[in-house]
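# A look at the structure
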Amino acid sequence: MADKAERNKAVARTVANIRQLTDGKAIVPDLLTQIRAELLTLAAKKDLFSFQDFPPPEKTLKRRSCLYRLSEDEDHGFALYVNSADGSVNAPPHDHTTWAVIVGVHGQEENRFYKRIEAGVEQYGKHVVEDGTGVALMPDDIHTIHIEEGAPVLNFHMYGLGLEQLDGRNFWNKKKGVWEVFPAHTDIREART
Ligand SMILES: [Fe+2]
(Lines give C-alpha, C1' and ligand atoms only; values in the text may rest on other atoms or scores of the structure.)
Protein backbone atom coordinates (compact mmCIF):
# COMPACT_ATOMS: atom_id res chain seq x y z
CA MET A 1 0.00 0.00 0.00
CA ALA A 2 1.25 3.46 -0.89
CA ASP A 3 1.74 6.25 1.61
CA LYS A 4 -1.63 8.00 1.64
CA ALA A 5 -0.26 11.31 2.89
CA GLU A 6 2.29 11.35 0.09
CA ARG A 7 -0.40 10.55 -2.47
CA ASN A 8 -2.74 13.22 -1.13
CA LYS A 9 0.05 15.77 -1.30
CA ALA A 10 0.92 14.86 -4.90
CA VAL A 11 -2.75 14.99 -5.96
CA ALA A 12 -3.31 18.33 -4.20
CA ARG A 13 -0.22 19.81 -5.86
CA THR A 14 -1.35 18.65 -9.31
CA VAL A 15 -4.87 20.01 -8.91
CA ALA A 16 -3.52 23.31 -7.53
CA ASN A 17 -1.28 23.64 -10.60
CA ILE A 18 -4.23 22.92 -12.90
CA ARG A 19 -6.44 25.41 -11.07
CA GLN A 20 -3.73 28.02 -11.49
CA LEU A 21 -3.23 27.21 -15.19
CA THR A 22 -6.91 27.65 -15.96
CA ASP A 23 -7.57 30.56 -13.60
CA GLY A 24 -10.11 32.85 -15.27
CA LYS A 25 -9.33 31.50 -18.74
CA ALA A 26 -11.65 30.02 -21.31
CA ILE A 27 -10.91 26.35 -21.86
CA VAL A 28 -9.25 25.84 -25.24
CA PRO A 29 -7.41 22.76 -26.59
CA ASP A 30 -4.01 24.32 -25.86
CA LEU A 31 -4.94 24.68 -22.19
CA LEU A 32 -6.09 21.06 -22.07
CA THR A 33 -2.65 20.05 -23.37
CA GLN A 34 -1.13 21.83 -20.37
CA ILE A 35 -3.56 20.06 -18.02
CA ARG A 36 -2.58 16.78 -19.61
CA ALA A 37 1.10 17.54 -18.91
CA GLU A 38 0.34 18.12 -15.23
CA LEU A 39 -1.56 14.83 -15.03
CA LEU A 40 1.29 13.00 -16.79
CA THR A 41 3.66 14.24 -14.10
CA LEU A 42 1.31 12.81 -11.46
CA ALA A 43 0.88 9.55 -13.42
CA ALA A 44 4.65 9.04 -13.40
CA LYS A 45 4.45 8.47 -9.63
CA LYS A 46 3.27 4.94 -10.30
CA ASP A 47 3.90 3.61 -6.81
CA LEU A 48 1.19 5.93 -5.49
CA PHE A 49 -1.43 4.53 -7.87
CA SER A 50 -1.43 0.75 -7.77
CA PHE A 51 -4.15 -1.83 -8.42
CA GLN A 52 -3.70 -2.81 -4.79
CA ASP A 53 -4.80 0.66 -3.66
CA PHE A 54 -7.42 1.08 -6.42
CA PRO A 55 -8.75 -2.40 -7.20
CA PRO A 56 -11.02 -2.99 -10.19
CA PRO A 57 -14.65 -3.94 -9.44
CA GLU A 58 -15.16 -7.17 -7.53
CA LYS A 59 -15.54 -10.20 -9.82
CA THR A 60 -19.16 -10.57 -8.70
CA LEU A 61 -20.13 -7.21 -10.22
CA LYS A 62 -21.27 -6.94 -13.80
CA ARG A 63 -19.68 -3.57 -14.37
CA ARG A 64 -15.99 -4.06 -15.21
CA SER A 65 -14.72 -0.57 -14.40
CA CYS A 66 -15.09 1.70 -11.39
CA LEU A 67 -13.96 5.20 -10.50
CA TYR A 68 -12.18 6.40 -7.37
CA ARG A 69 -12.57 10.09 -6.61
CA LEU A 70 -9.13 11.54 -5.89
CA SER A 71 -10.12 15.18 -5.81
CA GLU A 72 -13.06 17.49 -6.45
CA ASP A 73 -13.57 21.13 -5.52
CA GLU A 74 -16.43 22.19 -3.27
CA ASP A 75 -18.31 23.52 -6.29
CA HIS A 76 -17.65 20.12 -7.98
CA GLY A 77 -15.07 21.60 -10.34
CA PHE A 78 -11.78 19.90 -11.25
CA ALA A 79 -12.99 16.37 -10.59
CA LEU A 80 -10.13 13.89 -10.73
CA TYR A 81 -10.73 10.14 -10.67
CA VAL A 82 -8.77 6.95 -10.93
CA ASN A 83 -10.46 4.65 -13.42
CA SER A 84 -9.73 1.01 -12.56
CA ALA A 85 -10.86 -1.74 -14.91
CA ASP A 86 -10.40 -5.45 -15.37
CA GLY A 87 -12.42 -7.03 -18.14
CA SER A 88 -13.99 -5.98 -21.37
CA VAL A 89 -15.14 -2.34 -21.38
CA ASN A 90 -16.75 -0.70 -24.40
CA ALA A 91 -18.42 2.65 -23.83
CA PRO A 92 -20.66 3.93 -26.66
CA PRO A 93 -19.83 7.21 -28.47
CA HIS A 94 -20.46 10.06 -26.02
CA ASP A 95 -19.64 13.65 -25.16
CA HIS A 96 -19.03 15.08 -21.67
CA THR A 97 -20.61 18.58 -21.69
CA THR A 98 -17.41 19.71 -19.95
CA TRP A 99 -13.70 19.27 -20.71
CA ALA A 100 -12.09 15.90 -20.08
CA VAL A 101 -8.49 14.67 -19.92
CA ILE A 102 -7.47 11.00 -19.70
CA VAL A 103 -3.93 9.96 -18.86
CA GLY A 104 -2.44 6.46 -18.62
CA VAL A 105 -0.84 4.93 -15.53
CA HIS A 106 -1.02 1.14 -16.01
CA GLY A 107 -2.33 -0.83 -18.99
CA GLN A 108 -3.97 0.37 -22.19
CA GLU A 109 -7.28 2.12 -22.83
CA GLU A 110 -8.04 2.70 -26.48
CA ASN A 111 -9.83 5.95 -27.22
CA ARG A 112 -11.57 6.40 -30.57
CA PHE A 113 -12.69 9.83 -31.75
CA TYR A 114 -15.80 10.64 -33.77
CA LYS A 115 -17.48 13.49 -35.59
CA ARG A 116 -21.22 13.95 -35.65
CA ILE A 117 -22.84 13.13 -38.96
CA GLU A 118 -26.50 13.03 -39.92
CA ALA A 119 -26.61 9.27 -39.46
CA GLY A 120 -24.92 9.38 -36.05
CA VAL A 121 -21.15 9.31 -35.76
CA GLU A 122 -18.13 8.64 -37.92
CA GLN A 123 -14.74 7.72 -36.48
CA TYR A 124 -11.83 9.95 -37.52
CA GLY A 125 -9.03 8.83 -35.22
CA LYS A 126 -7.86 6.89 -32.22
CA HIS A 127 -5.23 6.94 -29.50
CA VAL A 128 -4.19 4.24 -27.09
CA VAL A 129 -3.88 5.82 -23.65
CA GLU A 130 -1.06 4.14 -21.74
CA ASP A 131 1.97 5.00 -19.63
CA GLY A 132 3.23 8.47 -20.56
CA THR A 133 0.38 9.44 -22.88
CA GLY A 134 -3.07 10.97 -22.63
CA VAL A 135 -5.95 12.50 -24.55
CA ALA A 136 -7.90 15.71 -24.08
CA LEU A 137 -11.47 16.38 -25.11
CA MET A 138 -13.43 19.61 -25.42
CA PRO A 139 -17.04 19.56 -24.09
CA ASP A 140 -18.55 18.65 -27.49
CA ASP A 141 -15.88 16.15 -28.54
CA ILE A 142 -17.10 12.58 -28.90
CA HIS A 143 -15.14 9.46 -27.99
CA THR A 144 -15.49 5.79 -27.09
CA ILE A 145 -13.25 3.87 -24.74
CA HIS A 146 -12.22 0.25 -25.14
CA ILE A 147 -10.47 -2.01 -22.67
CA GLU A 148 -9.64 -5.60 -23.46
CA GLU A 149 -10.43 -8.63 -21.36
CA GLY A 150 -7.44 -9.92 -19.40
CA ALA A 151 -5.49 -6.64 -19.56
CA PRO A 152 -6.31 -4.54 -16.47
CA VAL A 153 -6.16 -0.76 -16.77
CA LEU A 154 -5.62 2.01 -14.26
CA ASN A 155 -5.67 5.59 -15.48
CA PHE A 156 -6.71 9.13 -14.56
CA HIS A 157 -9.93 10.68 -15.79
CA MET A 158 -10.32 14.38 -15.05
CA TYR A 159 -13.37 16.49 -15.82
CA GLY A 160 -14.22 20.17 -15.54
CA LEU A 161 -17.15 19.14 -13.35
CA GLY A 162 -17.90 16.06 -11.23
CA LEU A 163 -19.57 13.19 -13.07
CA GLU A 164 -22.58 13.23 -10.74
CA GLN A 165 -23.22 16.80 -11.94
CA LEU A 166 -22.98 15.83 -15.62
CA ASP A 167 -26.54 14.71 -16.14
CA GLY A 168 -26.85 15.80 -19.77
CA ARG A 169 -24.07 13.82 -21.45
CA ASN A 170 -25.17 12.54 -24.84
CA PHE A 171 -24.44 9.14 -26.27
CA TRP A 172 -25.18 7.61 -29.63
CA ASN A 173 -27.47 4.60 -29.32
CA LYS A 174 -26.46 2.65 -32.41
CA LYS A 175 -29.18 0.04 -32.04
CA LYS A 176 -31.97 2.61 -31.89
CA GLY A 177 -30.22 5.08 -34.19
CA VAL A 178 -30.79 8.01 -31.82
CA TRP A 179 -28.88 10.26 -29.45
CA GLU A 180 -29.79 9.63 -25.82
CA VAL A 181 -28.72 11.03 -22.46
CA PHE A 182 -26.03 8.97 -20.73
CA PRO A 183 -27.19 7.43 -17.47
CA ALA A 184 -25.20 8.58 -14.44
CA HIS A 185 -22.11 6.53 -13.59
CA THR A 186 -23.10 3.94 -11.00
CA ASP A 187 -19.79 3.06 -9.37
CA ILE A 188 -17.87 6.05 -8.02
CA ARG A 189 -15.93 5.27 -4.86
CA GLU A 190 -14.64 7.89 -2.45
CA ALA A 191 -10.84 7.99 -2.26
CA ARG A 192 -10.35 11.37 -0.59
CA THR A 193 -9.18 11.29 3.00
FE1 LIG B 1 -15.82 9.68 -21.79
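Model, not experiment: these values are computed from the prediction. (Residues numbered from 1 in each chain as written. Predicted model: local features only at pLDDT ≥ 70, side-chain atom pairs only at ≥ 80, totals over all residues.)

A separate point is the overall build of the chain. Helix and strand counts for the chain come out as 2 helices and 12 strands. Order of helices (α) and strands (β) in the chain, N terminus to C terminus: α-α-β-β-β-β-β-β-β-β-β-β-β-β. For the chain, the C-alpha radius of gyration of 16 Å lies close to 16 Å, the compact-globule estimate for 193 residues. Reported as C-alpha extents along the three principal axes, the dimensions of the chain are approximately 50 × 45 × 30 Å. Within the chain, buried positions represent 36% of all 193 residues. Once local pairs closer than 6 in sequence are excluded, the contacts in the chain between residues at least 24 apart make up 74%. (Helix = DSSP H or I, 4+ residues; strand = E, 2+ residues; numbered from the N terminus. Rg over C-alpha atoms; globule rule 2.2 N^0.38 Å. Buried ≥ 20, exposed ≤ 12 C-beta atoms within 10 Å, placed from the backbone. Contact = placed C-beta atoms within 7 Å.)

So, on to the sheet that holds strand 7 (residues 134-137). The mixed open sheet is built from 6 strands, whose spatial order is 7-4-9-2-1-12. The sheet terminates laterally at strand 7 and strand 12 (188-190), the two strands that pair on one side only. Direction aside, neighbouring strands of the sheet carry axes that sit 25 degrees apart on average. Two elements, strand 4 (residues 100-106) and strand 9 (residues 153-161), share 6 bridges in a ladder whose sense is antiparallel. Across the sheet, residue G104 finds its bridge partner in strand 9, namely N155. (Pairing = 2+ DSSP bridges. Axes fitted to C-alpha atoms, helices over the stretch in contact; angles between N-to-C directions.)

Along the chain, the position of K126 falls in strand 6 (residues 120-129). Along the backbone, K126 and F113 are 13 residues apart, and their C-alpha atoms lie at a distance of 5.7 Å. Leave out the neighbours within four places in its chain, and K126 touches E110, N111, R112 and F113.

Within strand 9, 9 of the 9 residues are buried, which leaves it mostly tucked inside the rest of the structure. Sheet topology note: the strand 2 (residues 77-85)/strand 9 ladder contains 8 bridges and is antiparallel. Note on strand 9: the bridge partner recorded for A85 is V153.

Attention now goes to the sheet that holds strand 5 (residues 109-117). What the 4 strands build is an open sheet, ordered 3-8-5-6; its pairing is antiparallel. A single partner strand is all that each edge strand has here, and the edge strands are strand 3 (89-90) and strand 6. Sheet topology places strand 5 next to strand 6; 9 bridges connect them, and they run antiparallel. Each bridged residue has a counterpart across the sheet, and for Y114 the counterpart in strand 6 is Q123.

By themselves, these are just geometric observations and shouldn't be taken as functional.
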